[in-house]
Each structure stands twice: as C-alpha cells, then as structure tokens.
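Coordinate inspection notes
What follows is the residue order along each chain.
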Amino acid sequence: MFNALLLEQSGKDTLARVQRLNENQLTQGDVLVRVDYSSLNYKDALAITGKGKIVRQWPMVPGIDFAGTVLTSDHPDHSIGDEVILTGWGVGEQYWGGMAEKACVKGEWLVPLPGTMSTKRAMAIGTAGLTAILSLMALEHAGIKPDQGPILVTGATGGVGSVAVRLLAKAGFEVHAETGRPQHSDWLRELGAREVIERTEFDKEPAALESQRWAGAIDAVGGRTLARILSQTKMHGAVAACGLAGGVALNTTVMPFILRGVQLLGIDSVYISKEQRISAWQRLQTSLPADFEEQSAVYTLEQSITAAQDLLNGKLKGRALIQP
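Reference entry: report on the structure contained in this document. (Residues numbered from 1 in each chain as written. Predicted model: local features only at pLDDT ≥ 70, side-chain atom pairs only at ≥ 80, totals over all residues. Heavy atoms only, no water.)

The next subject is a nonpolar patch on the surface. Where nonpolar side chains cluster on the molecular surface, the patch consists of Y42, L244 and V248 and spans about 310 Å² of accessible area. Within the fold, V248 resides in the loop between β12 (233-241) and α6 (255-259). Residue classification places V248 among the exposed residues on the basis of a relative accessible area of 71%. (Patch = residues over 30% accessible without salt bridge, like charges linked within 9 Å, V, L, I, M, F, W, Y side chains within 5 Å. Areas by Shrake-Rupley, 256 points an atom, 1.4 Å probe, with all protein chains shown as cover. Salt bridge = Lys/Arg side-chain N within 4 Å of Asp/Glu carboxyl O. Helix = DSSP H or I, 4+ residues; strand = E, 2+ residues; numbered from the N terminus. Buried < 20%, exposed > 50% of the residue type's maximum accessible area, 1.4 Å probe, protein only.)

Structural data, given as structure tokens:
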C-alpha cells in the first residue's frame, strides 16, 4: 500500500484527495520507483483544480515530474537502488504521475540523476528548470550572445521564469524580468534581473513593428505578450516560446520575421529525446546556486491541493516541491 493524490471525475467537477492505493493499481511500466519528491507545475495545478483539460484518463495521479529511487526494474538501463528523474512523456496526464509515494513507468522515460545532485535539488529544478535550460540552449543555438543586448523573461516569478532569470544571469546575459507581481521586484533582482517590468506594459495591442528592445526572450506567457515581444525583438534576435499562461492565440504579423529576421523557437520539454534530456541535466548541475533547492517551498500531498489553487491565483513564487 502507498499514499497518492488521486483525481477523480464527478460530473464536470474534479475531486482531489489523498488515498491509500495498492501497487497493482499502478499503471503498467517496467520500473517501479519510490518517489522522494515531485513538484507543482502549472499543468499540475490545472489538473488538480479541474480548471484545465489536462487529464486524459480517469482516475489520475497528477505530477508531471518526479525524482526517486528504483525499487524494482525489468529495464536494462536501470537497477535497484539507482536514483532517477522523470519529466514529461504524458505522465500526470495520460499515465499516473509523481504525486504519490510510488510510481511505475517505462524505463526509457527515466534519466539518471546527474553527478552528486540530490533528488530534492532535481525537483527544485524539475520540469520548469528543464524547460528554462532548453530555452537558453535554444537561444544560444540561434546565435544569441550576451553582448547583443538584454534578454526578456516573462512570467518571471513563476517556476520557468524564475529559473530562467537565474540561468541567463549566470550565463552572462543582461536580464529584464516581466511580472504581474511587482511586489516581488526585489526578489527578482536578487535572482539576477537587471530591470523589472510590470505586465501592464505588454497588455496593449502590438503594432506590426515597434522599437527594437530585445536581443532575445524566454516567454512563458504567450498570447498578446508574445505578439508584443516579437514586434520589439531586435534584428536577427530570437524568442523561445515555452508557455501559454496568457493564452494560446498568437495574433501577430509576418513583419518581425521577414524584415528583421526574428526567430520564433518552440520549446518542447515533454517528448524530447533521452540524449537531449541528459545533456540538459548535465548542464543544470553547474548552472544554479549551491543552495538552490533550499529556496523552494515544500508541501505534503494534502497541502498540494491548496497550493495548486494558490499557484493559479498568483500567490506562489518560484518553485514548489511535493514530498509524498
């Protein structure tokens, strides 16, 4: 028996409660993992509260990522006692996820915990941190360098945004942080932001082209914000799009792309290859402060239900860990 946060459908509502489950109820996989930590992501909050169409199979254990220790394995790459990380692959949406004391998944979805990284640190980074480093690597691959000008990070007090600010600052970029919560401006500057910009500045309908401001951007918001960023991006700049908190529609023109050569880079952290994941996690080993995981809030399974609502209401900042 083990504890898990179980989501069940009741009419149009989602019921979330901690329950005792049997191992034979776990979705099929060839590796059984004792979960040390999961984390609370935007997708998880939508699933737990029922405010987004995230869950594809009912009932569901949420948690799109987790880190822990292998208990049993029928997969050649993993042995009992190995410490592993899982992010993406539809876990917490189509397959039971990490907000439980145990998880059973396919071995090819797992990557080894890198170096001396702890499972707590891995989930303090989590899907949000993986997305942030993939966004930074995409900008670098697109040729964006620190001497070309400032990089904008939107949704900067959120999971992806706050890690992106740290990563960009560590890599030598001048970071400008956009947020709807200006009361956290001092905290964002502590993370490495040179300037903090209020979200209201991006609420206006963008022109086809505006004054050139950004060498690049990591955008976790989407919608009108992304359209405005594209119109303000410098010649041959690049924007990594990795979120949709502000909406899925993108009403823009081709002008930034054909007159300034702006690149729009889509960031997928769900189905990227194992090789890409391992490379990203190896870089994450040395790209964040030594005490990074201690700056994250830790919640129990029971507390995760309220924390999910708080995340959607903009009451959380940074990373939130779930310890089953």
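From this point, things continue past the structure.
Counting residues in each nonpolar core, the largest one holds 51 residues, and the members touching the most others are L139, V165, L167, L168, L188 and W281. The leading source of residues in this core is helix α2 (residues 119-141), at twelve residues. Counting 28 residues, the second largest nonpolar core, distinct from the first, contains L6, A47, W96 and I322. (Core = buried A, V, L, I, M, F, W, Y, C linked by side-chain atoms within 4.5 Å.)

The next subject is the pairing of strand β2 (residues 13-21). With nine bridges joining them, strand β1 (residues 2-10) and β2 adopt antiparallel strand pairing. Counted as the bridge partner of L5 is V18 from β2. Where β1 folds back onto β2 in an antiparallel hairpin, the turn is made up of two residues, including G11, whose phi is positive at roughly 65°. (Pairing = 2+ DSSP bridges.)

Here we take up the pattern of salt bridges. In total, this model carries 16 salt bridges according to the counting rule given. As a salt-bridge pair, D36 and R34 come within 3.5 Å of each other at their nearest N and O atoms. Residue classification places D36 among the buried positions, given a relative accessible area of 16%. Classification of R34 by relative accessible area gives partly exposed; the value is 38%. Note that E210 is salt-bridged to R228, the shortest N-O span being 2.9 Å. Of this pair, E210 sits in the loop between β10 (193-198) and β11 (214-219) while R228 is found in helix α5 (residues 223-232), placing the two residues 18 residues apart along the sequence. Per residue, the accessibility class of E210 equals that of R228, and both read buried.

Here a ring pair, both rings aromatic, is described through the centre-centre distance and the interplanar angle of the planes. Under the criterion given, the structure shown has three aromatic pairs. Their ring planes at 10° and their centres at 6.4 Å tell us that W89 and W109 sit as a pair that is stacked. In this pair, W89 sits in the loop between β5 (83-87) and β6 (102-105) while W109 sits in the loop between β6 and β7 (110-112), placing the two residues 20 residues apart along the sequence. By relative accessible area, which is 18% here, W89 ends up buried. By the ring-pair criterion, three or more aromatic residues cluster together here, those being W89, Y95, W109 and Y271. (Phe/Tyr/Trp six-rings, centres within 6.5 Å; stacked < 30°, edge-to-face > 60°.)

This part covers the sheet that holds β11. Taken in spatial order, the six strands of this open sheet run β10-β9-β8-β11-β12-β13, and their pairing is parallel. In this open sheet, the two strands that pair with only one neighbour each are β10 and β13 (263-266). When the angles between neighbouring strand axes are averaged without regard to direction, this sheet yields 20°. This element, α2, spans β8 (151-153), β11, β12 and β13 of the sheet and lies at about 155° to β11. Each of β8, β9 (175-179), β10 and β11 touches helix α3 (residues 159-170); the most contacted strand, β8, lies at about 160° to it. (Axes fitted to C-alpha atoms, helices over the stretch in contact; angles between N-to-C directions. Contact = heavy atoms within 4.5 Å.)

Before going further, it helps to spend a moment on α5. Where burial is concerned, most of α5 is hidden: nine out of the ten residues are buried. Restricting attention to buried positions, one finds in α5 the residues G223, T225, L226, A227, R228, I229, L230, S231 and Q232.

With that out of the way, let us pick up unusual backbone geometry. Residue W58 is joined to P59 through a cis peptide bond whose omega torsion reads -10°. Topologically, P59 is positioned in the loop between α1 (42-49) and β4 (65-73). Not every positive phi belongs to a glycine, and W89 is a case in point at roughly 65°. Not every positive phi belongs to a glycine, and H236 is a case in point at roughly 60°.

Sheet analysis places β11 next to β12, joined by five bridges and oriented parallel. Its bridge partner lying in β12, W214 is registered against T233. In this region the chain leaves β11, passes through α5 and returns to the parallel neighbour β12; the handedness of that crossover is right-handed. Where β12 meets β13, four bridges bridge the pair, whose relative direction is parallel. Note that in β13 the partner of A241 across the bridge is G266. (Right-handed = clockwise from strand over helix to strand, strands pointing away.)

Relative to each other, α2 and α3 sit at 45°, their axes nearing to 8 Å. As the angle between them shows, α2 and α3 are arranged oblique. Judged by the twist between their axes, the crossing of α2 over α3 is right-handed. Counting all contacts with α2, which are made through A128, G129, T131, A132, I133 and L136, the residues of α3 involved are G159, V160, V163, A164, L167 and L168. Looking at the contact of α2 with α3, its residues break down into nine nonpolar, three polar and no charged. (Parallel < 35°, antiparallel > 145°, perpendicular 65-115°, else oblique. Left-handed = near helix turned anticlockwise from the far one by under 90°. Nonpolar A, V, L, I, M, F, W, Y, C, P; charged D, E, K, R; others polar.)

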